[in-house]
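Single-letter residue listing:
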Amino acid sequence: MLEGLPIRKIIHVDMDAFYASVEQMDNPELKGKALAVGGGGKRGVISAASYEARKFGVKSAMSGRLAEKLCPHLIFVRPRFDRYSEISKKIKRIFLDYTDLVEPLSLDEAYLDVTENKIGLPSATLIAQKIRERIYNEVGLTASAGISINKFIAKVASDYNKPNGQKTVNPEDVNQFLEDLDIRKFYGVGKVTAEKMYQKGIFTGKELKSKSLEYLDKNFGKSGRYYYYVVRGIHNSEVKPNRIRKSLAAERTFSENLSSEVFMLEKLEHIAEEVSKRLQRSKVAGKTITLKIKYSDFTLQTRSKTLAYYISDKSIILETAKDLLYQEKLNNSVRLLGISLSNLNTENKEKKSVDVEKKTVSVQLKFDF
């Protein structure tokens, strides 16, 4: 590990099969059963799967049809995002009893910086244990946690002892942990990148660490620099309690493919209304409207337009989306439409990030974790 890096105590808390677990908690008849949230109907896509369903290979983002083939006794339930949001807020209130430095990543996971915490406990490991116990006792759900010196390692560690477990990577263990790590477990390395790394003889962190910055830049572009530093335990991104939203979107997958723009207008109206509601709830507005089109052959196309002013009004969003729809002829019948707004009026609040090489902190090997 390089000298000079600020040591933080970071916890990554990840709820176990969150949506599915909420459904099982609210309906005791579903406990212990193979369950999928979403995925119903001919074109449905699964949002979450219970651990009982995962044993059969069922997972999120999988089509309901495939999931049913893998697990014929699978139970499908409709998602209830209002309920998941309600539970998520309760969990966040527990986090805030320990630190104000809480950065939610989604409804079911968050980073906490407990370097200095409200209960004055020096051990991040014990704090994570207390948080997980409180979530179980007060909410009724299990959570897993990873604890280490930065967000990257904490997130990787939280997946180690799932469900209902935790793993601490102490400062003195960071180098060995990262060197032994399967390249597929590196956050930010997807299937395509992993395959490319395999072809170049990179299977573990140790082999990744042996490559120079120049080599990684040449072979992996902008991501090369990121890989170079994280495998050395350097990831200086701070826990940001007020993450700046950069875009807001809504989309719909249709039960039947649509082949005419006329049939799509009604769908676009509902999507525009949803986007407008989300913008107004979040008290933000945007300038760039993007229309997302997924064709029946699963190819994706996006069309964007940037206005001279910020908007959150449904009518303007809808009219702009219509213009984008008619901008050019559709390539095929359409299975999904989506609208997103970016270039939001929150972006000017975002602080400029500091280059990782320029930021210094000190590594302390004797540290109470």
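Here the structure is shown first, and the text comes after it.
This is a predicted model, so every value here is computed, not measured. All chains use their own residue numbering, which begins from 1 and follows the written sequence. With pLDDT at 70 or above as the cut-off, local features in this predicted model cover only qualifying residues; side-chain atom pairs require 80 or more to be listed or tallied, and sums for whole chains, interfaces and linings still use all residues. Values reported for side chains reflect all heavy atoms of the structure, with hydrogen atoms and water molecules removed beforehand.

As a further point, take the sheet that holds strand S5 (residues 102–106). Sheet architecture is open: five strands sit in the order S5-S6-S1-S7-S8, paired in mixed fashion. Each edge of the sheet is formed by a strand with only one pairing partner; in this case those strands are S5 and strand S8 (166–168). Averaged over all pairs of adjacent strands, the angle between their axes in this sheet comes to 15°, without regard to strand direction. Two strands pair if DSSP finds at least two bridges between them. Helix and strand definitions follow DSSP, with helices as H or I runs of at least four residues and strands as E runs of at least two, each counted in order from the N terminus. Bridge count between strand S1 (residues 10–15) and strand S6 (residues 109–113): five bridges; the pairing is antiparallel. Paired with Ile-11 across the two strands is Leu-112, which belongs to S6. Axes here refer to lines fitted to C-alpha atoms; in helices the fit is confined to the stretch in contact. Angles between the N-to-C directions go from 0 to 180 degrees.

Any Lys or Arg side-chain nitrogen located within 4 Å of an Asp or Glu carboxyl oxygen qualifies as a salt bridge. For the structure on display, the rule yields 21 salt bridges. Among the salt bridges present, the one from Asp-26 reaches Arg-80, with a minimum N-O distance of 2.7 Å. Residue Asp-26 is located in helix H1 (residues 18–26), and its partner Arg-80 is located in the loop between strand S4 (75–77) and helix H4 (81–96); the two are separated by 54 residues in the primary sequence. For Asp-26, a relative accessible area of 32% translates into the label partly exposed. Put simply, Glu-23, Asp-26, Arg-80, Arg-83 and Glu-86 are held in one network by salt bridges that share partners. Partly exposed residues are those whose accessible area sits between 20% and 50% of the maximum for their type, while under 20% is buried and over 50% is exposed, using a 1.4 Å probe and protein chains only.

With 61 residues, the main nonpolar core has Ile-11, Phe-18, Phe-95, Leu-112, Ile-135, Phe-186 and Leu-208 as its most contacted residues. The next biggest cluster of nonpolar side chains, apart from the first, holds 28 residues, and it includes Ile-289, Leu-307, Ile-317 and Leu-325. Residues belong to one nonpolar core when they are buried, are Ala, Val, Leu, Ile, Met, Phe, Trp, Tyr or Cys, and are joined through side-chain atoms within 4.5 Å.

This part is about the packing of H1 against H4. The interhelical angle for the contact between H1 and H4, taken along N-to-C directions, is 95°, at an axis separation of 10 Å. The angle between H1 and H4 places the two elements in the roughly perpendicular class. Within the contact between the two elements, H1 uses Phe-18, Tyr-19, Val-22, Glu-23, Met-25 and Asp-26 and H4 uses Phe-81, Arg-83, Tyr-84, Ile-87, Ser-88 and Ile-91. Nonpolar residues are Ala, Val, Leu, Ile, Met, Phe, Trp, Tyr, Cys and Pro. Charged residues are Asp, Glu, Lys and Arg, and all others, Gly as well, are polar. Within the contact of H1 with H4, the residues separate by chemical class into eight nonpolar, one polar and three charged. An angle below 35 degrees is treated as roughly parallel, one above 145 as roughly antiparallel, one from 65 to 115 as roughly perpendicular, and anything else as oblique. A contact between two residues is defined here by any heavy atoms of the two lying within 4.5 Å.

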